[in-house]
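# An overview of the molecular structure
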Amino acid sequence: MLTVKFIEENIDYVIERLAVKRFKGEEIIDNIIDLDKKRRQIQNQNDNIQASLNTIAKEVGLLFKAGKTAEADAAKLKTAQLKDESKQLTTEQEETEQKLKALLLQVPNIPHISVPSGNGADDNLLVRSGGKMPTLASDAVPHWDLAKKYDIIDFELGNKLTGAGFPVYIGKGSKLQRALINFFLDEGEKSGYKEYMVPLMVNEDSGYGTGQLPDKEGQMYHATLDNLYLIPTAEVPVTNIWRDVIVNASELPIKATAYTPCFRREAGSYGKDVRGLNRLHQFDKVEVVQIQHPTKSYETLEEMVNHVENLVKKLELPYRIVKLCGGDMGFTSALTYDFEVYAAAQQRWLEVSSVSNFESFQANRLKLRYKDDADKKPNLAHTLNGSALALPRIVAALLENNQTPNGIIIPEILRPYTRFDVID
RNA sequence: GGAGAAAUGGCAGAGUGGUCGAUUGCGGCAGUCUUGAAAACUGUUGAACCUUUGCGGGUUCCAGGGGUUCGAAUCCCUUUUUCUCCGCCA
């Protein structure tokens, strides 16, 4: 959520940059500014009334103490009308604030100045690529066939237990999951991230804090009986640790990592996109989150990109990093880099990580602030996060790219974790 | 799930209807003393919003929400959480 203050001070810039995200801002921005003006007016009036009520209450107290009951009773009478007025103004103020908030929630984050305009994936900028493209035998098959051949992932069984998109990992398939999770967490620790294990269900407040609610409500599984949501990413519980928190500037950056399963309803997905491990309702992911001082958040974004790049390099996967254009970016992000790895049998690039700087957009919703010695007032911090990494598509690429007549070769770096070299 | 008790500032802990945004202690910050540090002493120490060029002034906030009252941290209702006992249980 942008702050009204920022919008008011940068109207033209806001409208211009929102257009990069294909968001038409003129009307809504006008309304926001009007509502805020109204809000201030009402509060001003109401504050004055409250102040006189407080004065009268004090007077009445003093009169009673002095034994002047008649005068006290007279003073009491004056309050009735003021209270009515105040009540009405309070209602009006609450309504105005609600409307204002509803509008603010509709405005996406401003894309960073370096973000190009564009409509979709085709307009993204290639930043760099790396890794070696594998050359596969002519009889190479996609990962869903390999999963069946070596009996390491059973999609039909998941179907029976739960439904489509909930695979069962078996034997070495299961061990490979564990190995990847531990490898990613260990790498995170080496880069200075503190490990957290967090609840997989969150309440409404947390959903609002990171921006899943209200706009992406349909994408989360909702346990209505207790009004809890299954997390779509560890970002939600981890970032919400710092909801309503004022941290000392000297504690920044705060670096946190967590492994969690992620649950996504993925309403509206279909076709070859959802084949095999390409898109699941439940998947495993290690997430990294940083809270940083506003002047340093873009350095931090680069640092996080390097961390993720290091992971895919160590796994010896062919990868590319793209900077998302305005049209392809998320609602809450100011700048996003996507990581894709190449799955050679499908001959497709699969997105495995998204690393974003949200600047103060999430922090404003979270009321996550830092306090500087130089500055008396707390300021909004910047939040960043990235997948490091999401497992299923990494597994898909590993299986497809490393397939040989003798089985699937495990990358060197993972072998201490899997304690086997080959899936056969 | 049942019965009872509780929730106050960064922490501990007073306050049971009137000048209480809240005594006090610890912690934090600044100063005095000291070559420096510690100790001691002195001062200071929350957030949001409105208003003011500024100094300042005002409003709200004592777990959340609602109510009673001229006036609520204090009384009432309700939700949540914590603790104790009972029940169930990995």
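A quick note: this is a predicted structure, and the numbers were derived from the prediction, not measured. (Residues numbered from 1 in each chain as written. Chains lettered and ligands numbered in written order. Predicted model: local features only at pLDDT ≥ 70, side-chain atom pairs only at ≥ 80, totals over all residues. Heavy atoms only, no water.)

## Topic: the overall build of chain A
Each helix and strand counted, chain A has 13 helices and 19 strands in total. Referenced to the eigenvectors of the C-alpha coordinate spread, the extents of chain A come out at roughly 100 × 45 × 45 Å. Scored against the burial criterion, the 424 residues of chain A give a buried share of 48%. Sequence-distant contacts, at least 24 apart, represent 74% of the contacts inside chain A between residues at least 6 apart. Element-wise, carbon and sulfur atoms account for 49% of the exposed surface of chain A, whose accessible area totals about 21,100 Å². Charged side chains in chain A number 52 positive and 59 negative. The centres of these two groups are separated by 2 Å. (Helix = DSSP H or I, 4+ residues; strand = E, 2+ residues; numbered from the N terminus. Buried < 20%, exposed > 50% of the residue type's maximum accessible area, 1.4 Å probe, protein only. Contact = heavy atoms within 4.5 Å. Areas by Shrake-Rupley, 256 points an atom, 1.4 Å probe, with all protein chains shown as cover. Lys, Arg positive; Asp, Glu negative; His and termini not counted. Charge placed at Lys NZ, Arg CZ, Asp CG, Glu CD.)

## What about the domain arrangement of chain A?
Considered domain by domain, chain A is made up of domain 1 (4-104) and domain 2 (121-423). The straight-line distance from the C-alpha centre of domain 1 to that of domain 2 is 43 Å. (Domains from an automatic or database assignment.)

## A short note on the protein's contact with RNA strand B
Close contacts around RNA strand B come from 20 residues, with R39, Q43, A57, L62 and K371 the closest. Backbone sugar and phosphate groups make up 75% of those atoms of RNA strand B lying within 4 Å of the protein. Only α3 (26-65), α4 (69-106) and β14 (369-371) provide two or more residues apiece to the surface near RNA strand B. It is α3 that contributes the most residues to the surface near RNA strand B, 13 residues altogether. Of the residues assigned to the surface near RNA strand B, the class counts are six nonpolar, six polar and eight charged. (Near = heavy atom within 4 Å. Nonpolar A, V, L, I, M, F, W, Y, C, P; charged D, E, K, R; others polar.)

## Describing a nonpolar patch on the surface
On the surface, F6, Y13 and I113 cluster together into a nonpolar patch covering about 270 Å² of accessible area. Locating F6 in the fold gives a position in helix α1 (residues 4-9). (Patch = residues over 30% accessible without salt bridge, like charges linked within 9 Å, V, L, I, M, F, W, Y side chains within 5 Å. Salt bridge = Lys/Arg side-chain N within 4 Å of Asp/Glu carboxyl O.)

## Brief notes about the pattern of salt bridges
Any two side chains of opposite charge can pair, given that their charged atoms come close. As enumerated under the stated definition, the model contains 13 salt bridges in all. Of the charged contacts, one joins D36 and R40 as a salt bridge, the two residues approaching to 2.9 Å between their closest N and O atoms. One end of the pair, D36, and the other, R40, are both in helix α3, four residues apart, so they sit about a helical turn from each other. Overall, the relative accessible area of 5% leaves D36 in the buried class. For the salt bridge of K255 with E303, the shortest nitrogen-to-oxygen distance reads 2.9 Å.

## Describing the sheet that holds strand β5 (residues 201-202)
Strand order in the open sheet formed by three strands is β5-β7-β6, with antiparallel pairing between adjacent strands. Strand pairing shows two members of the sheet lacking a second neighbour, β5 and β6 (222-223), which therefore form its edges. Across two bridges, the pairing between β5 and strand β7 (residues 228-230) is antiparallel. In the sheet register, M201 faces β7, and the bridge partner there is L230. (Pairing = 2+ DSSP bridges.)

## Here we look at the nonpolar core
Among the nonpolar cores identified, the biggest contains 59 residues, and L180, F184, I394 and I423 are the most heavily contacted of them. Residue contributions to this core peak at seven residues, all from helix α12 (residues 391-401). Residues in contact with I423, not counting those within four places in the same chain, are Y150, I152, K172, L176, L399, G407, I408 and I410. V4, I15, I32 and I110 belong to the second largest nonpolar core, which has 19 residues in total. (Core = buried A, V, L, I, M, F, W, Y, C linked by side-chain atoms within 4.5 Å.)

## Quick look at the packing of helix α7 (residues 172-190) against α12
Between α7 and α12, the least distance of the axes is 11 Å, while the angle of their chain directions is 115°. As α7 packs across α12, the resulting crossing turns out to be right-handed. Along the contact surface, α7 presents L176, Q177, L180, I181 and F184, while α12 presents L391, I394, V395 and L398. Here the contact of α7 with α12 is composed, by residue class, of eight nonpolar, one polar and no charged. (Axes fitted to C-alpha atoms, helices over the stretch in contact; angles between N-to-C directions. Left-handed = near helix turned anticlockwise from the far one by under 90°.)

## Some details on the environment of Q93
Note on placement: Q93 falls in helix α4. Considered as a pair, Q93 and Q106 are 13 residues apart in the sequence and their alpha carbons are 20 Å apart. Once you skip the residues sitting within four places of it in the chain, Q93 turns out to touch I42, Q43 and N46.

## Description of the packing of aromatic side chains
Evaluated as defined, the whole model comprises six aromatic pairs. Summarising the aromatic geometry, the rings of F166 and Y221 are spaced 6.4 Å apart at their centres and angled 55° between planes, so their arrangement reads as tilted. Of this pair, F166 sits in the loop between α6 (155-161) and β3 (168-169) while Y221 sits in the loop between α8 (204-210) and β6, and the two are 55 residues apart along the sequence. By relative accessible area, F166 is classed as buried at 16%. With centroids separated by 6.0 Å and ring planes inclined at 75°, the aromatic side chains of Y196 and W242 adopt a geometry described as edge-to-face. Taken together, the positions of Y196 in strand β4 (residues 194-196) and W242 in the loop between α9 (235-240) and β8 (246-248) put the pair 46 residues apart, joining distant regions of the chain. For K255, the ring lying beneath its charged end belongs to Y193, and the centroid distance is 4.8 Å. (Phe/Tyr/Trp six-rings, centres within 6.5 Å; stacked < 30°, edge-to-face > 60°. Lys NZ or Arg CZ within 6 Å of the ring centre and 35° of its normal.)

## Considering unusual backbone geometry
What you tend to see is this: most non-glycine residues have negative phi, and most peptide bonds are trans. Following L213, the chain continues into P214 via a peptide bond in cis, with omega recorded as 0°. By the element assignment, P214 lies in the loop between α8 and β6. For the peptide bond that leads from A388 to L389, omega is 0°, which places it in the cis range. Checked against the element boundaries, L389 lands in strand β16 (residues 382-390).

## Points about α12
Counting buried positions over the 11 residues of α12 gives 11, a clear majority of the element. Regarding α12, the residues found buried are L391, P392, R393, I394, V395, A396, A397, L398, L399, E400 and N401.

## Quick word on helix α2 (residues 11-20)
Residues that lie three or four places apart on an α-helix share one face, since the helix turns once every 3.6 residues. Regarding α2, the residues found buried are V14, I15, R17, L18 and V20. Buried residues along α2 sit in contact with α1 and α3. At the exit of α2 stands R22, carrying a positive phi of roughly 60°.

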